[in-house]
Structure formats: C-alpha cells, structure tokens
Amino acid sequence: MGSSQIEPDAKIDSVHLNVCNIDQSLQFYESFLGFKIVKKTSSSVFLSPDGKPPYLIALTETMTKNTSAKNAGLYHFAILLPQRKDLANFLSHLLQHGDKVRIDGFSDHLVSEAIYIRDPNDIGMEIYCDREKSTWEWEDGKVRMTLDPLDIEGLQNDATQLWDEFPVGTTIGHVHLHVSDLANAKFFYSEILGFKNTASMKGALFFAAGDYHHHIATNIWLGTDILPANSHLPGLDYFTIKISHDYMLDLIKKLNEHNVYFTKLEDNSISVFDQDKISVHLIS
Ligand SMILES: [Fe+2]
C-alpha cells in the first residue's frame, strides 16, 4: 500500500467556481476586491492579483440554481496575503464598504489571522495572513490552532495604504471542504493524496504538505447525511493542486493500487473525486 507523502512545496494552485452571473460576480471580484482579469472565454473568467498568469480563481457561469439541499463541497476557499499590513489594508477597505459585502466574521487562529466574507453567490471566502512560522506551536506533528477573536482594532492600526488590488504574492492558501465522513476524508486526502494530518478539532480535520498548518481542511459541520458534491451548482467546480512530475507518477500508482478512478487531462493533469464527489485536479 502506497503511503508516500506529497512533496513539501505542493500547494493549492487555483479554485474553479460556478457562479450564476459572471457580470455580477465581476462587480465583486474585480471592482470591489480588486482582482484583475488574466483571460476571458465565452463562459469563464480567470483572475489573478495583477492580470498576469497564473490565475488563482476561475469563474464559470452555471444555469443550475441552488436548492435547499445540503451538498458536500466548499465551506470556504482562503486567499493568503503575503504580509500582515496587506490584511490590515484589506480590513480597512472592508469596513469602509461594509454595505457591498457580507462579512461572516473575524478570527485569530494563532498560526494566522483571518477575515471571512461571502461572494454574491454565497460562496465562503477567507482572506488571511500567516503569523511567522517560528511562532507556530507544534507537538507530535500537530499544530496548535485557535478560534480566538481577531484584534480588529490592532490590525486596523497597521493599515498602510488604501486597498485597490491584491498584492503580488497573493495565493490560494487553503481550501476548507464540507464532507460527509472524516475517516473517508482522511483516507483520501492523507493516504491517497499524501497530505499530513496536522490538526483536529470538533468535527474537522486539517491536512498539509511540508510544514504548513493546512492546505486542506474537511469538516462534517453540515451533518453526515449530506448529498455528494454537485459540480454544476453555484460554488466549487473543482480546485487544483500543483505537484511535481515525479510525485504525479507516485500518485497515479497509488490511485491504481486503491482502485480510485481518475481521468488524465490534456495539460499534464489528472482529475480525481474524493468520496463525496468533490473534484480535485492535480497538475504537474
Ligand atoms: Fe480556512
């Protein structure tokens, strides 16, 4: 049984989201948040901090409407800012224009400071910055993360300039998923994909490559009887993980050993579903 770990510099590359109306979403992602368009096709828009590749977010228009059913899928995707002052600038922007966005909350996770908002399709987003790695507390391979209130006033005082765009160096730091079963999630993200389980909290598991706190989190907070993910609904279509060519070969071997179905795509990537039908693309 393969148990090789994903390489330490593997990371989330991009999130592909379905939205009901591209123009409405661009009002938010481009005009309010400050993302720039890298390219546009008839049905999709690709966004990055400076309008140059690589893109971080792809938006595709979907005709499918949300229902009241609970599906596996995205809890939030998380945009990682390079420096604390960037988060401070973003916070000031948010508080000045609070009428244009739904704010879900603010948290201090010890390893990071985070702001939670929602896009026009109710897609959960976290905007965050990490604290210095040297301050993270590790014990037996697990990192300590808290759910403390954010020092909003202290952060605001660190603002240096008006926000008009994401700084270069902004990445997708992690994705946090609603799943139906944590053991299945652990099997897929840890045993198969090779991420380490770095933390647990009530109803949630966290996974990372290298010495990061988490690139992927999974929770059962919607319940264990939720429907599989539906990649046509507004929300997550799929997310991509960047890996090396060598690890891709290891991974394909593991997928075959475990009879996990995957599809080879034309651009050196593969598409695979977790046990809740959440679609993950691995790119080398
Ligand atoms: Fe998160």
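Asks: Help me understand helix α1 (residues 22-32) in this model?
Replies: One full turn of an α-helix is made of 3.6 residues, so residues set three or four places apart face in the same direction. Those residues of α1 not exposed but buried are S25, F28 and Y29. Considered in projection along α1, the buried side chains sweep an arc of 80° and stay on one side of the axis. Of the residues in α1, the exposed ones pointing more than 90 degrees away from the buried face are D23 and S31. Those residues of α1 that are buried lie in contact with β1 (11-19), β3 (44-48) and β4 (57-61). Note on α1: the residue one or two positions beyond its end, G34, has a positive phi of about 100°.

Asks: Teacher, can you tell me more about the sheet that holds strand β5 (residues 73-81) here?
Replies: Taken together, nine strands build an open sheet; the order of strands is β11-β6-β7-β8-β5-β12-β15-β14-β13 and the sheet is mixed. Each edge of the sheet is formed by a strand with only one pairing partner; in this case those strands are β11 (148-149) and β13 (196-201). With seven bridges joining them, strand β7 (residues 112-118) and strand β8 (residues 124-130) adopt antiparallel strand pairing. Within β8, the position partnered with A114 by the bridge is Y128. On top of the sheet, helix α4 (residues 182-192) reaches β13, β14 (204-208) and β15 (216-219); it is set at about 5° to β14, its chief contact.

Asks: Help me understand helix α5 (residues 245-257) in this model?
Replies: The terminal C-alpha atoms of α5, which comprises 13 residues, lie 19 Å apart, in line with the 18 Å expected from a rise of 1.5 Å per residue. In the segment just after α5, N259 is the residue with positive phi, at about 55°.

Asks: So what exactly am I meant to see when it comes to the environment of N197 here?
Replies: With respect to the helices and strands, the residue N197 is situated in strand β13. N197 gets classed as partly exposed once you count the C-beta atoms within 10 Å, which come to 17. Taking the C-alpha atoms as reference, N197 lies 26 Å from R84; in sequence the two are 113 residues apart. Ignoring sequence-local partners within four residues, the contact set of N197 consists of K186, S190, L205 and F207.

Asks: Is there a simple way to explain unusual backbone geometry in this structure?
Replies: Here the amide bond leading from P53 into P54 is cis, since omega sits at 0°, within 30 degrees of zero. Positive phi outside glycine occurs at D140, with the angle close to 50°. Among the structural elements, D140 can be located in the loop between β9 (138-139) and β10 (142-143). Here the phi dihedral of N259 falls at roughly 55°; this positive angle occurs in a residue that is not glycine. Examined against the element boundaries, N259 turns out to sit in the loop between α5 and β17 (262-264). Given 6 C-beta atoms within 10 Å, N259 falls into the exposed group.

Asks: Would you take a moment to explain the sheet that holds strand β18 (residues 269-273) for this structure?
Replies: Pairing between the strands of a sheet is mediated by backbone hydrogen bonds and can be parallel or antiparallel. In spatial order, the strands read β2-β3-β4-β1-β16-β19-β18-β17; together these eight strands make up an open sheet with mixed pairing. Here the strands that pair on one side only, and so sit at the sheet edges, are β2 (36-40) and β17. Averaged over all neighbouring strand pairs, the angle between strand axes comes to 25°, with direction disregarded. One ladder, built from five bridges, connects β18 with strand β19 (residues 279-283); its direction is antiparallel. Within β19, the residue paired with S269 across the bridge is I283. Set on the sheet, α1 makes contact with β1, β2, β3 and β4; between it and β4 the angle comes to about 160°.

Asks: Before we go on, may I ask you to explain the nonpolar core in this structure?
Replies: For soluble globular proteins, the rule of thumb is that nonpolar side chains tend to be buried together. The biggest cluster of nonpolar side chains holds 73 residues, and the ones touching the most others in it are I57, L87, I127 and V175. Counting residues per element, this core draws most heavily on β5, which supplies seven residues. In this structure, L87 is in contact with L81, E113, I127, Y128, C129 and L155, ignoring residues within four places of it in sequence.

Rules of the game
Per chain, residues are indexed from 1 in the order of the written sequence. Residue-level local features of this predicted model are given only where pLDDT is at least 70; pairs of side-chain atoms are given and counted only at 80 or more, and the full residue set underlies all totals for whole chains, interfaces and linings. Neighbour counting defines burial: a residue surrounded by 20 or more other C-beta atoms within 10 Å of its own C-beta is buried, one with 12 or fewer is exposed, and intermediate counts give partly exposed, using backbone-placed C-beta atoms. The numbering of helices and of strands both runs from the N terminus, where a helix is a DSSP run of H or I of at least 4 residues and a strand a run of E of at least 2. Within this analysis, the arc is defined by the directions that extend from the helix axis to the C-beta atoms. Two residues qualify as a contact pair if the distance between their C-beta atoms, derived from the backbone, is within 7 Å. Two strands are counted as paired when DSSP detects at least two bridges linking them. A fitted line through C-alpha atoms serves as each axis, taken over the contacting stretch for helices, and the angle formed by two N-to-C directions is quoted from 0 to 180°. The length a helix should cover is 1.5 Å for every residue beyond the first. Nonpolar cores are built from buried Ala, Val, Leu, Ile, Met, Phe, Trp, Tyr and Cys residues. These are joined into a set through C-beta atoms within 7 Å.

These figures come from the coordinates and say nothing about function on their own.
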